[in-house]
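Breakdown of the fold
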Amino acid sequence: VSGVSWLTAPTYDDVAAAYPAKARAKQVGGRVTLNCSFKSKGRVGDCDVLAEEPKGEGFGSAAKSLVDQFVGPTELADGGSILGVLTQIPFTFSVEMLDADKRVIGKPQWRALPTGDQFLGGYPPEALTAGVHTAKVVMSCGVGAEGKVENCVTTSEQPAGLGFGAAAVALSSAFHVTAWTAEGLPTIGGKIRVPIRYEVPETEAQP
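Residues numbered from 1 in each chain as written. Predicted model: local features only at pLDDT ≥ 70, side-chain atom pairs only at ≥ 80, totals over all residues. Heavy atoms only, no water.

Let's talk about the sheet that holds strand 8 (residues 191-199)
The sheet built from 3 strands is open, its strands ordered 6-5-8 with antiparallel pairing. The open sheet has two edge strands with one neighbour each: strand 6 (149-158) and strand 8. Pairwise comparison of adjacent strand axes, ignoring direction, gives a mean angle of 25 degrees for this sheet. Two strands pair when backbone bridges link them, and strand 5 (residues 134-143) and strand 6 are joined in this way by 7 bridges, in the antiparallel orientation. Looking at strand 6, one finds that Gly142 is bridged to Glu150. (Pairing = 2+ DSSP bridges. Helix = DSSP H or I, 4+ residues; strand = E, 2+ residues; numbered from the N terminus. Axes fitted to C-alpha atoms, helices over the stretch in contact; angles between N-to-C directions.)

What about the environment of Pro114?
With respect to the helices and strands, Pro114 occurs in the loop between strand 4 (110-112) and helix 4 (116-121). Each C-alpha atom of the pair Pro114 and Leu76 lies 26 Å from the other, and the pair is 38 residues apart in sequence. Excluding its chain neighbours within four sequence positions, the residues that come into contact with Pro114 are Phe119, Leu171, Ala174 and Phe175. (Contact = heavy atoms within 4.5 Å.)

Structural notes on unusual backbone geometry
Cis peptide bonds are those with omega within 30 degrees of zero, and the linkage from Glu53 to Pro54 qualifies with -15 degrees. Assignment of secondary structure puts Pro54 in the loop between strand 2 (44-53) and helix 3 (59-64). A cis amide bond links Gln158 with the next residue in sequence, Pro159, at an omega value of -5 degrees. Counting through the fold element by element, Pro159 comes out in the loop between strand 6 and helix 6 (164-171). Positive phi, normally seen in glycine, also occurs at Gln27, with a value near 55 degrees. Looking at the element boundaries, Gln27 is found in the loop between helix 2 (21-26) and strand 1 (30-38). Judged by its relative accessible area of 48%, Gln27 is partly exposed. (Buried < 20%, exposed > 50% of the residue type's maximum accessible area, 1.4 Å probe, protein only.)

Considerations on the pairing of strand 8
On strand 8, burial follows the alternation: Ile192, Val194, Ile196 and Tyr198 on one face are buried, whereas Lys191, Arg193, Pro195, Arg197 and Glu199 on the facing-out side are not. In this structure, strand 5 lies alongside strand 8, joined through 9 bridges in antiparallel fashion. Within strand 8, the position partnered with Gly142 by the bridge is Lys191.

Let's talk about the state of the cysteines
Summed over the entire model, instances satisfying the criterion amount to 2 disulfides. The disulfide partner of Cys36 is Cys47, and the S-S distance across this bridge is 2.1 Å. Residues Cys36 and Cys47 share a disulfide whose torsion about the S-S bond is about 120 degrees; that sign makes it right-handed. Pair noted here: Cys36 is in strand 1 and Cys47 is in strand 2, with a separation of 11 residues, a long-range link. (Disulfide = S-S within 2.5 Å.)

Comments concerning the side chain of Thr181
By secondary structure assignment, the location of Thr181 is in the loop between strand 7 (176-177) and strand 8. Excluding residues that lie within four positions of it along the chain, Thr181 makes contacts with Pro90, Ile105, Lys107, Pro108 and Thr187.

Let's talk about the pattern of salt bridges
Within the structure shown, the criterion is met by 4 salt bridges. With its nearest N and O atoms 2.4 Å apart, the salt bridge here joins Asp46 to Lys39. The exposure class assigned to Asp46 is exposed, which follows from its relative accessible area of 57%. (Salt bridge = Lys/Arg side-chain N within 4 Å of Asp/Glu carboxyl O.)

Here is the structure:
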């Protein structure tokens, strides 16, 4: 099974702690792919290293030391048991993850997003009064437990001065990402860029 939406996975701190000492000293990054089978309660085990680059730096062993922290679904999409089903787990060991200020997430998968009603309910009254129906906001946020987006700050807001930045930050708790990305990066403990576009039909935007 591919494209697993992991409920829990190693955090940035976990991966940084497992970073091979030899590679850390040389400031070398690496990539690993493990082939694992699902056990009970969504956990995985019996993992083999399918790919490891570069070899000899300890990345394969580091990846295998983290597998106990992965928890995925307990059944397949058709309702069948996932026990014994194989899955491949990618790992990216990036030198940047050793610096807490550089832990940027690659391409996260959204597990939950605000609803249209939430967006509309939080539309700034100032913008409605001014007749503004579209806006763009970009937030910089951290990722906390269970992939919850938190500690967001607005990095850009167009148009400015009409409350869109504050409205976006107020919605941030409704954003959740999966615990592991398709590139093999952790999300919890990392930083994420969240772009938001407001677009309300004029008939709904009347004060």
